[in-house]
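This is what each chain is made of:
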Amino acid sequence: MFSYIASFFKSAGPVTPEIIETLKSTIASEKVVVYSKSYCPYCKSTKSLLDGLGQKYKLIELDIEKDGLTYQNGLQQITGQRTVPNVFISGKHIGGNSDIQALNNSGELKGLLA
């Protein structure tokens, strides 16, 4: 609860080319990357889905990371999506929780994770 309240008082730094490069590098270096916030119920649903499938993933909790708000702004520049979770599979932007849940319900998610 404290991290949720504290997140309102953090300020974002400028989205520098180095921040964009850090984000792109992380996204490219892992099979699955989830940018999340620890208190977000939609993020929890995405993490539960991936955990239930036994899928390993790189988790970045934006409310805990020192530059989390700056990363979130950078993700918006890269993807057009500011909300979390922000999910990437094999370097491709998947979207948020409703997108990954829909991929799972259609059976497409397992193919992307293979």
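Scope of this entry: the structure provided in the associated data block. Keep in mind the model is a prediction, meaning the values are calculated, not measured.

**Observations regarding helix H4 (residues 68–79)**
In step 1: End to end, H4 covers 16 Å across 12 residues, agreeing with the expected 16 Å (1.5 Å per residue, within 8%).
In step 2: When we look at burial in H4, the residues that qualify are Gly68, Leu69, Thr70, Tyr71, Gln72, Gly74 and Leu75.
In step 3: Looking at the buried side of H4, the elements it contacts are helix H2 (17–29), strand S1 (32–36) and strand S3 (86–89).
In step 4: Count one or two residues on from H4 and you reach Gly80, which has phi positive near 85 degrees.

**Things to note about helix H3 (residues 41–52)**
In step 1: Compared with the 16 Å implied by 1.5 Å per residue over 12 residues, the 16 Å span of H3 between its first and last C-alpha is a close match.
In step 2: Inspection of H3 places Cys43, Thr46, Lys47, Leu49 and Leu50 among the buried residues, and these make up the whole buried set. Projected down its long axis, H3 carries its buried residues within an arc of 155 degrees, all on one side. Opposite the buried face of H3, by more than 90 degrees, sit the exposed residues Pro41 and Gly52.
In step 3: Where H3 is buried, its residues contact S1, strand S2 (58–61), S3, helix H5 (97–106) and helix H6 (108–113).
In step 4: Positive backbone phi, approximately 70 degrees, marks Gly54, located one or two places after H3.

**A few points about the packing of H2 against H4**
A pair of packed helices is captured by two measures, namely the crossing angle of their axes and the spacing between those axes.
In step 1: For the pair H2 and H4, interaxial distance at closest approach is 9 Å and the crossing angle is 75 degrees. Relative to H4, the element H2 is oriented roughly perpendicular. On the side of H2, the interface is formed by Ile19, Ile20, Thr22, Leu23, Lys24 and Ile27, while H4 contributes Thr70, Tyr71, Gly74, Leu75, Gln77 and Ile78.
In step 2: Counted by class, the contact of H2 with H4 contains seven nonpolar, four polar and one charged residues.

**Brief notes about the sheet that holds strand S4 (residues 92–95)**
In step 1: The strand order S2-S1-S3-S4 describes an open sheet built from four strands, whose pairing is mixed. The open sheet has two edge strands, S2 and S4, and neither has a second partner. Across the sheet, the axes of successive neighbouring strands diverge by a mean angle of 20 degrees, strand direction being ignored.
In step 2: Across four bridges, the pairing between S1 and S2 is parallel. Across the sheet, Val34 pairs through a bridge with Leu59, a residue of S2.

The rules behind the values
Residues numbered from 1 in each chain as written. Predicted model: local features only at pLDDT ≥ 70, side-chain atom pairs only at ≥ 80, totals over all residues. Heavy atoms only, no water. Helix = DSSP H or I, 4+ residues; strand = E, 2+ residues; numbered from the N terminus. Expected span 1.5 Å × (residues − 1). Buried < 20%, exposed > 50% of the residue type's maximum accessible area, 1.4 Å probe, protein only. Contact = heavy atoms within 4.5 Å. Arc of directions from axis to C-beta. Axes fitted to C-alpha atoms, helices over the stretch in contact; angles between N-to-C directions. Parallel < 35°, antiparallel > 145°, perpendicular 65-115°, else oblique. Nonpolar A, V, L, I, M, F, W, Y, C, P; charged D, E, K, R; others polar. Pairing = 2+ DSSP bridges.

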